[in-house]
Amino acid sequence: MRGRLSARHTTLLGLALVIAAVPWFFPSAYYFRVAALVWVSGLAAVGLQVLMGQAGQVSLGHAGFLGLGAYACALGPKLTGLPVLACLPLGAVLSGLIAFVVGRPILRLRGHTLAVATLGFGMLVTMVLTGENGLTGGPDGIRIPRVELFGWRVRGAETWYWIAGGALWLGVWLALNLQDSPSGRALAALHDSEVAARTLGVDVARHKLRAFVVAAVYASVAGSLLGMMNGFVTPDAAGFLSSIEYVTMVVIGGSASVPGAVVGAALLVLLPQALTVFHEYEHALLGLMIMLFMIFLRQGILPGLAGLLAGRCLGAPKPVASAGARA
Amino acid sequence: MQVPALLRRVLLAGAALALATPAGAQRSGEPIRVGAVLSVTGPASFLGDPEDKTLRLYVNRINGAGGVNGRQLQLTVYDDGGDANRARTFATRLVEDDKVVAMVGGTTTGATLAMRPVFEDARVPFISLAGGVEIVEPPQPYTFKTPHTDRMACEKIFADLRARGLSRVGMISGTDGFGASMRGQCLRVAQAAGVTVVAEESYGPRDSDMTPQLTRIRNAERVEAVVNAGFGQGPAIVTRNHAQLGIRTPLYQSHGVASREFISLATPQAAEGVRLPAAALLVAEQLPEADPQRRVVLDYKTAFEKEFNQPVSTFGGHAYDGLMILVEALKRANSTDGTRLRDAIRATRGFVGTGGVVNMSASDHMGLDLSAFRMVEVRGGDWRLVGN
């Protein structure tokens, strides 16, 4: 049906087309801002999808790494004198290291215990960011210097739209490659059954840790981008609610699907903007819509819709296994 | 879902271009768009909710009385839920999409600082309702604020101390944002106020006993007064422990506890004699007839309590002040052009609001002096206006 293009290439091409085409419909810079937020949140969600959808581990402290990335861009230039942009890889390396150190003991835990441990990690980050007033500016947040590229100050929602879009595309490309690699298949195996995977010779602990580090690096890069785009960051970027939002993005978009995470991010960023007309009912409606999506598209929006379409085209609905439903 | 709205916008933009009127030109009949991003929900909702109610109430009243310069006000309120990132997105939306002429909002200092560049870049006046000094220091061309700062609270406390002939202070502060910020400001202005901080202690937001810290303060050399920079229930515990230890030196609390819950939490017996700087709104009925703020404060209190059937708070008062400063500036400027409006706001002199008498200038984008704070004392379980 898809000719010679593999599913991976179709996805990448589709994403590139969407990123390139939607600005044609933007009447004002506000739309660029919202779309850039979708791409940045999408990047964090894609990272989390590697951990949740591919390795089957839940993290409720993902925003902690986002916060690390953002604060790296705020504190890095202040403490080391490095340009802001250089602090993005610095934050990513730091987050990866922290994830590696923290992940080793945490990832021995399973299910609920793992979720609670990651939750604790996220809270710890928020507490430090809030408490270390002198360094981080406390709950009032901290300024991030404007980015300069070859002496040219990067500002304006439109520029950030392209930067964020490019970063997301790269992120999706890497995540899809990972999914189709031996590592990805090992992750899929341990996602379905850790015991079975171990019996087959998969080093479960090492693969889980890898996925955790990958997710942390994605979140850190997304956090850095978000921070540089806003020129400002407060500790609530690393908070529990924001962690929950990213988990929701992955689940609602379809945790088995990399582009699904982007769809989930788009939904959670766009819905609150679209629902402002309802004033007091805004939050109730948001909750209701999320519930409806989860009830009627249980595998998530993207795999769910793909399943429905395939069912309609082929006449017979195929049962969609969690690891097999890759859009 | 977006397409019809989009199409309409494109057509509107085309129509606007076709009619191309010079920037800031008056178009009678067309409403004046005013924006607000507030933390109506979330952890800061106790601030944002009365702000939201106040803005809606007074925009309706102003429109009922014929609007401003013959035009109606159109208020757009967005709820940031206490999230600075979301606040920034809504700020962009107000400027780019809703085309507001000014913004009255920004519930927390964090949200305000996150939104400030959006309004500065667009040259749209922004009147913030948050406390932080850094919002207007150094002054940014288009950013203003209405609430008093914690530095002024420190100065007010120290001035009262000096008036009682006291100068040696033991300070105890919470480690939360409010306490930490006020502590820093107090230490900064102590010397200039002629006050020496001889002992310093702190407590965590969830501590339930401050006896050790207070004992250390009591034992410090010749302490003449205790000052508590804090917010929430910490100060109530400090007040109780202060009474339990039988410490006789006067206790000062901050403007952060200026609510009736503080007295009941601390118990009226323990709180007896505690002083704190508060906005005039807290003691509206006790203000002397000649007080310039009396009428404004009483009017606002009556209007708010009648409409919403809940006690008035100083936070809503900040929103009232912001909106009224904007309305007066709109009248004076007789224009909605950002820079002209900014100049008019900056030229605010002798504006009597709930937070004090406002005199702005190019170097002072808040315009309040120490007379904005009233020193009150707890007597018999209620607030009493003392001194000045």
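First, a word on scope: everything that follows refers to the structure included in this document. Each chain carries its own residue numbering, running from 1 in the direction its sequence is written. To read the labels, note that chains go from A and ligands from 1, taken in the order they are written. In keeping with the model being predicted, local features are shown solely for residues with a pLDDT of at least 70 and side-chain atom pairs are shown and tallied solely at 80 or more, while totals for entire chains, interfaces and linings include all residues. Hydrogens and waters are ignored; side-chain quantities use all the structure's heavy atoms.

## Side note on the overall build of chain B
A tally of regular secondary structure across chain B gives 13 helices and 14 strands. Radius of gyration means the value over C-alpha atoms here, while the globule rule gives 2.2 Å times the residue count to the 0.38 power. Computed over the C-alpha atoms, the radius of gyration of chain B is 22 Å, within 12% of the 21 Å expected from 2.2 N^0.38 for a compact globule of 388 residues. Its C-alpha atoms give chain B principal-axis dimensions of about 75 × 45 × 40 Å. Only protein chains enter the calculation, and the probe is 1.4 Å; a residue is then buried if its accessible area is under 20% of its type maximum, exposed if over 50%, and partly exposed in between. Buried residues in chain B amount to 55% of all 388 residues. Every residue pair with non-hydrogen atoms within 4.5 Å of one another is taken to be in contact. The contacts of chain B with a sequence gap of at least 6 include a subset with a gap of at least 24, amounting to 67%. In short, Shrake-Rupley with a 1.4 Å probe defines the accessible areas, and a residue's cover is counted only from the protein chains shown. For chain B, the accessible area works out to roughly 15800 Å², and carbon and sulfur atoms hold 51% of it. Taken together, the 43 basic and 40 acidic charged side chains of chain B have centroids lying 2 Å from each other. Helix numbering and strand numbering both begin at the N terminus, where a helix is a DSSP run of H or I of at least 4 residues and a strand a DSSP run of E of at least 2. Charge counting follows a simple rule: Lys and Arg are positive, Asp and Glu are negative, and His as well as the terminal groups are ignored. Think of each charge as sitting on NZ of Lys, CZ of Arg, CG of Asp or CD of Glu.

## Quick word on the packing of helix H2 (residues 29–54) of chain A against helix H7 (residues 157–179) of chain A
Two quantities define a packed helix pair, namely the angle between the helix axes and the distance between the axes. Residue and element names in this part refer to chain A. Taken N-terminus to C-terminus, the directions of H2 and H7 make an angle of 20 degrees; their axes are 8 Å apart at the nearest point. Our classification of the angle between H2 and H7 gives roughly parallel. The hand of the H2/H7 crossing is left-handed. For helices, the axis comes from a line fit to the C-alpha atoms of the stretch in contact; other axes are also lines fit to C-alpha atoms, and the angle between any two N-to-C directions lies between 0 and 180 degrees. Working definition: roughly parallel below 35 degrees, roughly antiparallel above 145 degrees, roughly perpendicular at 65 to 115 degrees, and oblique for all remaining angles. Each crossing gets its handedness from the near helix: less than a right angle anticlockwise from the far helix is left-handed, clockwise is right-handed.

## Focus on the sheet that holds strand S2 (residues 73–79) of chain B
All names here are of chain B. Spatially, S2-S1-S3-S4-S5 is the arrangement adopted by the 5 strands of the open sheet, whose pairing is parallel. With partners counted over all chains shown, the strands left at the sheet margins are S2 and strand S5 (143–145), one partner each. Across this sheet, the average inter-strand angle for adjacent strands is 20 degrees, counted without regard to direction. Judged from the 2 bridges that link them, strand S1 (residues 32–38) and strand S3 (residues 102–105) form a sheet pairing that is parallel. Directly across from Gly-35, in S3, lies its bridge partner Met-103. Helix H2 (residues 45–64) rests against S1, S2 and S3 of the sheet, and its axis sits at about 165 degrees to S2. When DSSP finds at least two bridges between two strands, those strands are taken to pair.

## Let's talk about the pairing of strand S6 (residues 168–174) of chain B
All names here are of chain B. Of all 7 residues making up S6, 7 are buried, and the element is well covered by its neighbours. Residues Arg-168, Gly-170, Ile-172 and Gly-174 of S6 are buried on one face, and the alternating residues Val-169, Met-171 and Ser-173, pointing to the opposite face, are buried as well. Bridging between S6 and strand S7 (residues 196–203) involves 7 bridges; their strand directions are parallel. Following the sheet pairing, Val-169 is matched in S7 by Val-197. Here, the term right-handed applies to a crossover whose path from the first strand over the helix to the second runs clockwise when the strands point away from the viewer. On the question of chirality, the crossover connecting S6 to the parallel S7 by way of helix H6 (residues 177–190) is right-handed. Where S6 meets strand S8 (residues 225–229), 5 bridges bridge the pair, whose relative direction is parallel. Following the sheet pairing, Ile-172 is matched in S8 by Asn-228.

## Concerning the packing of helix H11 (residues 240–253) of chain A against helix H12 (residues 258–274) of chain A
All names here are of chain A. At their nearest, the axes of H11 and H12 sit 7 Å apart, and the two run at 120 degrees to each other. Considered as vectors, H11 and H12 are oriented oblique to each other. H11 and H12 meet at a crossing whose hand is right-handed. In contact with Glu-245, Thr-248, Met-249, Ile-252 and Gly-253 of H11, H12 contributes Gly-260, Ala-261, Gly-264, Ala-265, Leu-267 and Leu-268.

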